[in-house]
Amino acid sequence: MQTDALRADNAVSSSLLAPRDRTPGWLWEWALLVGAVACVSLAISDPRPGQVMVWFANAFGAVALMRLPKRQWPAFLVLVALVLWAAHGGFTLVSPNVAVSQAGGLHTAWVAFADVPGYLLGMALAALWLERLPALEQAGESPTVQAQVLLRGALLPAMASAPLGGLAGVLALRGDWSNMALNWLVGGTIGSVAMLPLVLLLATRGVRSAARGWFQPVHVGMALISLSVVLWSATSLPKPFVVMLAPMVWVAVRSTLLNSLVVNGLIALAMAALIRVGVLLPPPSSIWWGDAVYYISVLATLLPGLFLAVMSEGQRRMTQALADREARALSLYRATPAMLHSIDGSGCIVQVNQLWLDTLGYQEAEVLGRHIADFMTSGSARYARDVVIPQALHDGRCNNVEYQFLTRDGAVRDVLLSAVWEFDADGRPERSLAVLQDVTEKKRLQARSHFAEHDALTGLPNRVLLHDRLKMLCAHHDRHNGLFAVGFLDLDHFKDVNDVYGHDAGDALLQAVARRLQGVLRAEDTVSRLGGDEFVMLLGGLSHSGELSTLVAKIMATFAEPCHLGPGPDGPVVQVAASLGVAVYPGDGTDPQTLLLHADQAMYEAKRSGRNRCAFYRRPVKAGRGHPL
Ligand SMILES: Nc1nc2c(ncn2[C@@H]2O[C@H](COP(=O)(O)OP(=O)(O)OP(=O)(O)O)[C@@H](O)[C@H]2O)c(=O)[nH]1
């Protein structure tokens, strides 16, 4: 993700700074780098003896030490001491302004060496204190951590080494100790503030990759403009420091952290050089620390830009992290292996995922902005608009709502929809997240298994389910005793209804009879249709035969009212009657076949006796020898 790349690019990563064994070549390279930077300070520092020298080299030495195991520190510090001594020696010899340069070889060598222990102490302390900073990797994005970096890596080491630096000044140049120590403190702090954040960043990014990242017209251009403003204001304005702030703030806000740190370093170098050539000079002061106070202006010019750059970087990262999180959430939404859609408070689609589109066969552009009901059957659309959406907006959610969606080519998909709503701070609905489960196949299978056990015309249990339930009733009553009855009902002269009013009217009559029988029986009883005009009822939970007689009377009474067969109010009205045969468990049979047979026989008995009546099964009376049963 982009944030990670950004982090890898710009962050001060403690893992990359972690110490490891380095080759002698590496030690030499860094020692020479420290020496080269020291030469820059020596070259552009104020030539008057005992004046502030902006000392940039300690930042490089400290970062090098942080990347070394402690056992390599002595070797590296010795190399740095040699290099600094050589650099100091060279400058002491060539600088005509240094009073002691004419004082003879040994003294020159001593003068050149005097400052070195202070520098070594400063860089060692900076390295020690910085590597103990736990959140060092956040220095590029957190002003608080950056402040800690500057405190531990610039101010405190400069303070700790300043007494040594002052002593060196007294011994070598016979200057005033307190003045020398204060100048040391100021020069060391400014140099490290200018360079340390940049060197830490370069050490983790690698100089080559950083250079590649920086050498772009926009960065170079901004740096040049900033430098020009600094030079112009220093040479043209009476109080230039405030104006110098402007380009740094501009770069901090508009550019990358790296560019800000580069500009920070360049401007510090430029200011040191301007002081060197006398363009920027401390005004004459009556107090011994007057010069040092002047340099606070330099610090005050560098720090706001530096902190603003770090804050901008923190903001950029946070914005980027939010954008990444949103992108991740979006791609997760799109790829979720369930149909998802989101609608706004008015029911219009604001987002759908890929499976939603694939299942219903639409393109994203076709659905965004349209009302969700446009993709439903008319019944579901009404239900959604009038009932579900208003209720869900009130409750904040809805669960397992059954809808029928329409695919692009008009096919119906059954779905179960559950949704949650997001509301804004004022409680206004923002958008929903709905998960849709496509249950079309499941419903088809359910319907198939329903029709395997139910009659398609009346919806009543068919012969298969009847046998099942009868078997269970027999088994149950076998264990728990008790009575139940099987009623076999056949409509009287049903064929005439078909013949006179047509088959549809016959169907309507069968459905009406089914409804009436269901209406008269209890929920635990079974009404089934065997086929044609034959219905079988299982009448359970009877405690005595009187109860059965009442129930039978109720069943027969359902045929007292004529049936209106539709369609419409002008449809035929018929008076239907039925014959009912009843067999009772266990007296008339203890297994399904026998009970059904005996109920059937009783029904035929009712027919034989004149129809429109009920007959109870009667065991045939044994006849005398030679007579059939
Ligand atoms: N409308 C319609 N008729 C059916 C259906 N299944 C069977 N039938 C008809 O129902 C009639 C059954 O007649 P029966 O029970 O044999 O004779 P009935 O006219 O009722 O005379 P009885 O039973 O002797 O009183 C036949 O004409 C079948 O064609 C059906 O699903 N719908």
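Criteria and cut-off values
Residues numbered from 1 in each chain as written. Predicted model: local features only at pLDDT ≥ 70, side-chain atom pairs only at ≥ 80, totals over all residues. Heavy atoms only, no water. Phe/Tyr/Trp six-rings, centres within 6.5 Å; stacked < 30°, edge-to-face > 60°. Buried < 20%, exposed > 50% of the residue type's maximum accessible area, 1.4 Å probe, protein only. Lys NZ or Arg CZ within 6 Å of the ring centre and 35° of its normal. Pairing = 2+ DSSP bridges. Helix = DSSP H or I, 4+ residues; strand = E, 2+ residues; numbered from the N terminus. Axes fitted to C-alpha atoms, helices over the stretch in contact; angles between N-to-C directions. Contact = heavy atoms within 4.5 Å. Patch = residues over 30% accessible without salt bridge, like charges linked within 9 Å, V, L, I, M, F, W, Y side chains within 5 Å. Areas by Shrake-Rupley, 256 points an atom, 1.4 Å probe, with all protein chains shown as cover. Salt bridge = Lys/Arg side-chain N within 4 Å of Asp/Glu carboxyl O. Polar contact = N/O pair within 3.5 Å; in protein donor to acceptor, adjacent residues only side chain to side chain. 1 Å grid on protein atoms, 1.4 Å probe; cavity = no way out; pocket = protein on both sides within 12 Å on 5 of 7 lines; lining within 4 Å. Points joined across faces, edges and corners; volume = space filled by probe spheres on them. Nonpolar A, V, L, I, M, F, W, Y, C, P; charged D, E, K, R; others polar.

Please explain the packing of aromatic side chains as it appears in this structure.
Centre-to-centre distance and the angle between the planes together describe a pair of aromatic rings. For the structure on display, the rule yields 10 aromatic pairs. When the ring of Trp214 is compared with that of Phe215, the centres are 5.0 Å apart and the planes differ by 70°; the resulting orientation is edge-to-face. Note on Phe215: relative accessible area 57%, which makes it exposed. Cluster of aromatic residues (ring-pair linked, three or more members): Trp356, Tyr362, Phe375, Tyr383, Tyr403 and Phe405. Seen from the ring of Trp26, Arg22 lies directly overhead, with NZ or CZ sitting 4.6 Å from the centre.

I would appreciate a short explanation of the sheet that holds strand S12 (residues 614-616) in the present structure.
Note: strands within a sheet are paired through backbone hydrogen bonds, in either parallel or antiparallel orientation. Pairing is mixed in the open sheet, where 5 strands are placed in the order S7-S8-S6-S11-S12. This sheet does not close on itself; its edge strands, each paired only once, are strand S7 (526-531) and S12. Between one strand axis and the next, the sheet turns through 20° on average, direction left out of account. Looking at chain direction, S7 and strand S8 (residues 534-542) are connected through 5 bridges and run antiparallel. Across the sheet, residue Gly531 finds its bridge partner in S8, namely Glu534. Helix H21 (residues 503-520) contacts strand S6 (483-491), S7 and S8 of the sheet and is inclined by roughly 5° relative to S8.

Would you mind going over a nonpolar patch on the surface with me for this structure?
Judged by side-chain polarity, Val78, Leu82, Trp85, Trp110, Phe113, Leu121, Leu164, Leu167, Leu171 and Trp177 come together as a nonpolar surface patch covering roughly 890 Å² of accessible area. Among the secondary structure elements, Phe113 is positioned in helix H6 (residues 105-114). Given a relative accessible area of 35%, Phe113 falls into the partly exposed group.

Would you explain the side chain of Thr189 in this entry?
By secondary structure assignment, the location of Thr189 is in helix H9 (residues 177-205). What makes Thr189 buried here is its relative accessible area of 6%. A distance of 2.6 Å separates a polar atom in the side chain of Thr189 from the backbone oxygen of Leu185. Setting aside its immediate chain neighbours within four residues, Thr189 contacts Ala154, Leu155, Ala158 and Leu299.

Which parts of the structure should I look at to understand the layout of surface pockets?
Any empty space left between the atoms is revealed when a probe the size of a water molecule rolls over them. Here the second largest pocket defines a volume of roughly 460 Å³. Lining of the second largest pocket is provided by 20 residues; of these, Phe60, Leu198, Leu202, Val207 and Val262 occupy positions nearest its centre. Secondary structure elements with two or more residues in the lining of the second largest pocket: helix H3 (24-44), H9, helix H10 (207-214) and helix H13 (257-276).

Can you help me understand empty space enclosed by the protein in this one?
Scanning all chains against the criterion turns up 2 cavities of 30 Å³ or more. In this structure, the largest cavity spans a volume of roughly 110 Å³. Taken together, 15 residues make up the lining of the largest cavity; nearest its centre are His341, Ile343, Ile389, Tyr403 and Leu417. At the level of elements, strand S1 (339-343), helix H17 (378-395), strand S3 (397-406), strand S4 (412-423) and strand S5 (429-438) are the ones that each hand at least two residues to the lining of the largest cavity. Tallied by class, the residues present in the lining of the largest cavity amount to 13 nonpolar, 2 polar and no charged.

Teacher, can you tell me more about the environment of Leu128 here?
Note that Leu128 resides in helix H7 (residues 116-131). For the pair formed by Leu128 and Lys70, sequence separation is 58 residues and the distance between their alpha carbons is 9.9 Å. Apart from residues lying up to four places away in sequence, Leu128 is in contact with Lys70 and Trp73.

Scope: geometric values only; no functional claims are made or implied.
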